[in-house]
Structures are given as structure tokens and as C-alpha cells.
Amino acid sequence: MEVSTSYCTPAVNFKYGSFQDSDVSMREDELFRMGSYNSQGYYVEGTHLDGSIGEEDETSSGSNDQDQQMDFEEDDFDAESSMTEDLADEEEEDEEDNDEWTNQKRPENQNSVAYYAAMEMLRIRFPFQSIAIRISDFCCLQEKDLLNDTMIDFYLNHIVEHVLPDSSGSKVTVLPSLFWHNLSLRQHAFDSEDEKMMSDEQKMDLKFGDLHDFVADFDLQDFDYIVVPVNEWEHWSLAVICHPFTSKARTVIFDSQLTADLNNLQNMATLIESFMKYSYEKRTGSVMPYPLQCVLPQRMPQQTNNFDCGIFIAEFARRFLLSPPKDLDNFDFAREYPDFNTTTKRAEMQRVVLSLSTNRARWRPLVELLNGYNTAAPHRAL
């Protein structure tokens, strides 16, 4: 099985659950994960907010003072000695302030729950996407909580990389949740008078041009299945583009909270088809040979609450990719997957994260806390 995931570039669009601060900048060599914290912290005026000091703060004024003043009085040496002792005392205090549980330095201005929520549990690099999982991301795996985009992106990539057998022969890619966020903004792209005067080709370039660059690192024609996580109004659904640009091309939509009005799902499939047409024409110079028909499986399991949508699409994806139906046009979900169940899905996802973490023993108190176990001595910050 050949696998790939799309490349998530540093983006200017901020999704729900992320933070935007004009005074905070990111190092150019770090990938930025939407919905979570940057894996190396932020830099503000040369100071690294995870407790380290930027290069601008490492210079010492002691050498300049020695150059400017050639003669020292005895009192000056006494003052310098006192200063050295004070600095040594501060270093000892800093060492005591290190967090033994996580082995990460805890600065004075971040000794709160928020600081520990930003701690990194796992950093994993998939073929074209790096994902950092923080305590705050992991905490959404507790019961009655919504999964955020970090956990959705992680688990879908985990399925492709670690669950699908090599013998399946299918080529699968996962687009990050940021892709749909950007694609959905194109639904109402033409409002100004100038845009109304554009040709159809100019309109399509304006609508999809930068998004096409988003997936320029690989050819969509190379894949049998393209997985697209979708978040609308804090509700997760899933689109799987099957056999694109062939006579068997279909877009299967999975949703665990169906209503009588299915127009939104159809609009979702139509928007995806529009982008695929544009991408194909840009790469080949010809019209996409086959349409992407929308398939909505019959008898899909439905959630009975308002917080398990992410859990459902995670299991939808796993079941479908492991055993795709042969006849998509007559896709009866209950017939294909009669034993579908999400009861233990959160616990399974917790185990997956911990199994890939080199420091998993340190996170046991957190897991016990999330799952409601009695912990003898829970960590002070949690």
C-alpha cells in the first residue's frame, strides 16, 4: 500500500480553537498546526515563551562595562561578586522550578493549568504533515467532549499509516481539516462588480488558484481514495473521494447527524467536485472526463448526543478504508458493517497516542483523570 498525506503549509487562516495574536510571530522553519500550539512555543521580542531565551537576550553587558571602565575600585569587585552569587541563587531556584513530571522548564509567568495544557505529548511526522499533540488536544478525548482538528487529522493519518495493511493495494491520502476550511470559504467568492466582469477561467483561478497550490506537492490522480474531514458549525462529517477521474468516481459522504434536509451534504459534494475539476484541468489542460457523483450511504449509524460526531467519522473512515464496498451506488452501511460500534473509540484513540509517545508512563495520571479513575496523587497543575 502506498500512502501519502497532504502538506499543511503555514497558514494565515485561523480555525476554531486556535489563537490569533498580532504580537506573536512564528519561526519560519516550524510547521504551524491549526487548533493547537506551535511545537516550539512562540517568540516575542527575542524571548521564547516556553522558558528559554532568544539570541537577542543572551548578550551580557559585563564585557561592555569592562571596555568602558579601565580602573575598578574594590567596591566594584565586591558588587560583582555579590551579583554572581545572586545569579547562582536564581539558577538554583530555576532548577527547582523545573517540572519533574514532564521534564520541561516552567517559567514563572506560566505556572498555571494553561501552561500544562500547552505541553507536548507527542510529535509525529507523517509523509507530508507534522502533527504535535498537546495535553489540551489529548483532553478532548474524554467523554462528552468534541474532538478538535488536531486529533481528527492525527487519527485519520494513523489509519492510513498504521492500520491499513500493505496488501490492500490501495493508494490513500488524507487532506488536513484546514483544506475544507479554506475550500468552504470559496462558496460565496463572487460578490464584487469587478468579479462579475471576469471570464469563467479568471473566476475559477480566483476561487481555487491558491487552494490548488495547497495540494501541489502530489498529484490527485495517483490516489484511489482521498479522505477529506469536514467541519461545519462545530460538527464533523467526512467526505471520501473514491477513484477520482475514472468511470467509478464517487464522493461518499458520511454524517452521523442527518436531518430531513440533505442539501448541505449535496452542496459539500458539489464544491468538492468543482475543485477537483479545476485541479484536473490545471494539471492536464483538459476537462475532467467523469463527474464525481455524490453517494450518501443508507442506514448510517447516528449519534444520540451533540459531541460524538468526531468519534463517528473516525470509525467511519476506519471501517470504510479497511473494507470499501464493491458497489458504491448501492451502499448500505448497516449491511456492510453490521458490527459498527463507537463505545470504546475514545479509549482506543487514547491508547494510540500513548503507544506512540516515548514518555507514555508520565501521562498515566492524566489518562486516569480523564477517564474518571481515582488517582492517589494527581499532578498539581491538572
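These figures come from a predicted structure and were not determined experimentally.

What counts, and at which threshold
- Residues numbered from 1 in each chain as written.
- Predicted model: local features only at pLDDT ≥ 70, side-chain atom pairs only at ≥ 80, totals over all residues.
- Heavy atoms only, no water.
- Helix = DSSP H or I, 4+ residues; strand = E, 2+ residues; numbered from the N terminus.
- Buried < 20%, exposed > 50% of the residue type's maximum accessible area, 1.4 Å probe, protein only.
- Contact = heavy atoms within 4.5 Å.
- Areas by Shrake-Rupley, 256 points an atom, 1.4 Å probe, with all protein chains shown as cover.
- Core = buried A, V, L, I, M, F, W, Y, C linked by side-chain atoms within 4.5 Å.
- Phe/Tyr/Trp six-rings, centres within 6.5 Å; stacked < 30°, edge-to-face > 60°.
- Expected span 1.5 Å × (residues − 1).
- Pairing = 2+ DSSP bridges.
- Salt bridge = Lys/Arg side-chain N within 4 Å of Asp/Glu carboxyl O.
- pLDDT = per-residue confidence, 0-100.

Undergrad: I would appreciate a short explanation of the overall build of the protein chain in the present structure.
TA: Helices and strands together make up the secondary structure of the protein chain, namely 13 helices and 10 strands. Expressed as a percentage of the 382 residues in the protein chain, the buried residues total 44%. Within the protein chain, counting contacts between residues at least 6 apart in sequence, those at least 24 apart form 65% of the total. When the accessible surface of the protein chain is summed, it comes to about 20,800 Å², and 45% of that surface belongs to carbon and sulfur atoms.

Undergrad: Just to check I follow, could you spell out the nonpolar core for this structure?
TA: Soluble globular proteins tend to pack their nonpolar side chains together in the buried interior. With 57 residues, the main nonpolar core has Phe-138, Phe-154, Leu-238, Phe-254, Phe-320 and Phe-331 as its most contacted residues. Broken down by element, the residue count for this core peaks at 9 residues, all from helix α10 (residues 309-322). Of all hydrophobic cores here, the second largest spans 31 residues; its members include Val-230, Phe-245, Ala-269 and Met-276.

Undergrad: What's the story with the packing of aromatic side chains in this structure? I'm lost.
TA: The description of an aromatic ring pair uses the distance of the two centres, along with the angle that the planes make with each other. Applying the stated criterion to the full structure yields 19 aromatic pairs. Between Phe-208 and Phe-275 the ring centres are 5.9 Å apart and the planes differ by 70 degrees, which places this aromatic pair in the edge-to-face class. Placement of the pair is Phe-208 in helix α8 (residues 200-214) and Phe-275 in helix α9 (residues 263-284), with a sequence separation of 67 residues. Taken together, the ring pairs connect Tyr-225, Phe-254, Phe-312, Phe-316, Phe-320, Phe-331, Phe-333, Tyr-337 and Phe-340 into an aromatic cluster.

Undergrad: Sorry if this is basic, but what is going on with α10 here?
TA: Because an α-helix completes one turn every 3.6 residues, residues spaced three or four positions apart along the sequence face the same direction. With 14 residues, α10 extends 20 Å between its outermost C-alpha atoms, agreeing within 8% with the 20 Å of an ideal straight helix rising 1.5 Å per residue. Burial of α10 is extensive: 12 of the 14 residues sit out of reach of the surface.

Undergrad: Any chance you could explain the pairing of strand β9 (residues 250-254) here in plain terms?
TA: For β9, the buried fraction is high: 5 of the 5 residues fall into the buried class. By the alternation rule, side chains of β9 split into Arg-250, Val-252 and Phe-254 and Thr-251 and Ile-253, which are all buried. Sheet analysis places strand β8 (residues 235-242) next to β9, joined by 5 bridges and oriented antiparallel. Bridging across to β9, Leu-238 finds its partner in Phe-254. Here β9 pairs with strand β10 (residues 293-295) via 3 bridges, running parallel.

Undergrad: Sorry if this is basic, but what is going on with the pattern of salt bridges here?
TA: Once the charged atoms of two side chains with opposite charge are near each other, the side chains can pair. Tallying each qualifying case throughout the model produces 14 salt bridges. Of the charged contacts in the structure, one is a salt bridge between Arg-346 and Asp-308, with a shortest N-O distance of 2.8 Å. Separated by 38 residues along the polypeptide, Arg-346 in helix α12 (residues 345-356) and Asp-308 in the loop between β10 and α10 bring together distant segments of the chain. For Arg-346, a relative accessible area of 3% gives the class buried. Residue Asp-308 is classed as buried on the basis of its relative accessible area, which comes to 13%. In this structure, Lys-345 and Glu-348 form a salt bridge, with 3.1 Å as the shortest nitrogen-oxygen distance.

Undergrad: Quick question: what am I supposed to make of unusual backbone geometry here?
TA: Trans is the common state for peptide bonds, and a negative phi is the common state for residues other than glycine. Backbone geometry at Trp-233 places phi at a positive 55 degrees, although glycine is not the residue there. Relative to the helices and strands, Trp-233 is located in the loop between β7 (225-232) and β8.

Undergrad: What is the right way to look at the confidence of the model for the protein chain in this model?
TA: The predicted coordinates of low-pLDDT regions are not to be read in fine detail. In the predicted model, the protein chain carries a mean pLDDT of 74, and 66% of its residues have values of at least 70. Within the protein chain, the lowest mean pLDDT, 33, falls on strand β2 (residues 43-44), and the highest, 98, falls on α10. pLDDT under 50 marks residues 90-97. Its contacts with residues more than four places away, or in other chains, come to 3 contacts.

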